[in-house]
Amino acid sequence: ISFNLAADCNAVLKALQPIFQEQGMTETVHNWEDHGYLATYIKKNGSFANLRIHPHGLVLVDLQSYNDHMKGREEVDQLLNKVEERMKELFHGNIKRVKRLPALLRGGVIDRYWPTADGRLVEYDIDEVVYDEDSPFQNIKILHSKQFGNILILSGDVNLAESDLAYTQAIMGSGKEDYTGKEVLILGGGDGGILYEIVKLKPKMVTMVEISFGKWPVIHFYITSNIDQMVIDGCRKYMRKTCGDVLDNLKGECYQVLIEDCIPVLKRYAKEGRMFDYVINDLTAVPISTSPEEDSTWEFLRLILDLSMKVLKQDGKYFTQGNCINLTDALTLYEEQLSRLYCPVEFSKETVCVPSYMELY
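Residues numbered from 1 in each chain as written. Predicted model: local features only at pLDDT ≥ 70, side-chain atom pairs only at ≥ 80, totals over all residues. Heavy atoms only, no water.

Student: Where do I start with the overall build of the chain in this structure?
Tutor: When its secondary structure is counted, the chain shows 10 helices and 19 strands. Taken over C-alpha atoms, the radius of gyration comes to 27 Å for the chain, far larger than the 21 Å a tight globule of 361 residues would show. Referenced to the eigenvectors of the C-alpha coordinate spread, the extents of the chain come out at roughly 80 × 40 × 35 Å. Counting only residues that meet the buried cut, the chain has 46% of its 361 residues in that class. In the chain, once contacts between residues fewer than 6 apart in sequence are set aside, the share between residues at least 24 apart is 59%. When the accessible surface of the chain is split by element, carbon and sulfur atoms take 50% of a total near 18600 Å². In the chain, the 39 positive side-chain charges and the 53 negative ones have mean positions that sit 1 Å from each other. (Helix = DSSP H or I, 4+ residues; strand = E, 2+ residues; numbered from the N terminus. Rg over C-alpha atoms; globule rule 2.2 N^0.38 Å. Buried < 20%, exposed > 50% of the residue type's maximum accessible area, 1.4 Å probe, protein only. Contact = heavy atoms within 4.5 Å. Areas by Shrake-Rupley, 256 points an atom, 1.4 Å probe, with all protein chains shown as cover. Lys, Arg positive; Asp, Glu negative; His and termini not counted. Charge placed at Lys NZ, Arg CZ, Asp CG, Glu CD.)

Student: What is the right way to read the confidence of the model for the chain from this model?
Tutor: Detailed conclusions should not be drawn from predicted coordinates in areas where pLDDT is low. The share of residues in the chain with pLDDT of 70 or more is 92%, and the mean pLDDT across the chain is 89. pLDDT under 50 marks residues 212–227. Its contacts with residues more than four places away, or in other chains, come to 54 contacts. (pLDDT = per-residue confidence, 0-100.)

Student: Looking at this model, I keep getting lost on helix α6 (residues 229–238). Mind explaining?
Tutor: Two residues of an α-helix separated by three or four positions point the same way, owing to the 3.6 residues in each turn. All buried positions along α6 are accounted for by V231, I232, G234 and C235. Down the axis of α6, the sector holding all buried residues measures 165°, keeping them to one side. At its buried positions, α6 is contacted by β9 (126–134), β10 (139–145), β11 (149–154), β14 (205–210), α7 (240–243) and β15 (255–259). (Arc of directions from axis to C-beta.)

As structure tokens, then:
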């Protein structure tokens, strides 16, 4: 609750005290003179409330209930309704805004909360844990969303949902490319979405290289990638709207999936002189900073870029994801890397809305 003017902290406290006392809650009040009041109210069933009154005109009420889902939510709503009514009754002319936030459901069987790339908390409409396994390298979850279908989440990072064809289309060139009869190399892409869509376009051969972790240390960039055989196994069974049948076999008429470390594969292809019309990097998003814990990620991206250029035809194209559009500094850092490659390149970028990310990428 925000006031137009400075708040009379003592008057606010006295106005709200009876509401909590009527609930049989035990009260403790802390007074910091010029810094307002903090009052805590505890109920015998474990529910409690914090009332923070700031003298500059802000009143915060936080409630936590330990009852079952429906009963607890009703209890919280009833108490907040009484708080709002009392405040409007006594201070209506001075109240600037009343804002009520939805309840956070902590400790549930299903985790519904996942951060966006730029750190905003999003509550998903998750209603089922479809798949939850730990591979030797990461935790793999596939959760069902009422809006987005099954969502692949790797070590807490939302990777792709069945709703996210926009992501796959964008990283393939948004329908502007002709893949007919072309040689294509996919790095990562363990959900099978890119492979499935490209195979429909009659390429000559698509080689998808998953990472087996054979020779590289387990560092941050692996955690944010579609990786390892268990990801493929989970997606083959539970993400079929995304991957179709292309993961049923690791080799098809015009594609092959290699469960190998992509670094030595790229080096081998460069040494052999094997060239591709398209290289699609679906390994990891652009890191958001140059902090020490992300230095290895930048090093990895630079290495992948250089090796990819060595296997890309002179008129070929390299597609990759960037990151959330709000992370302008990180995206600028990535663009700076493109001027440091061993060969000159031109680049363009496109912004798309990826449904399950709930942000522009």
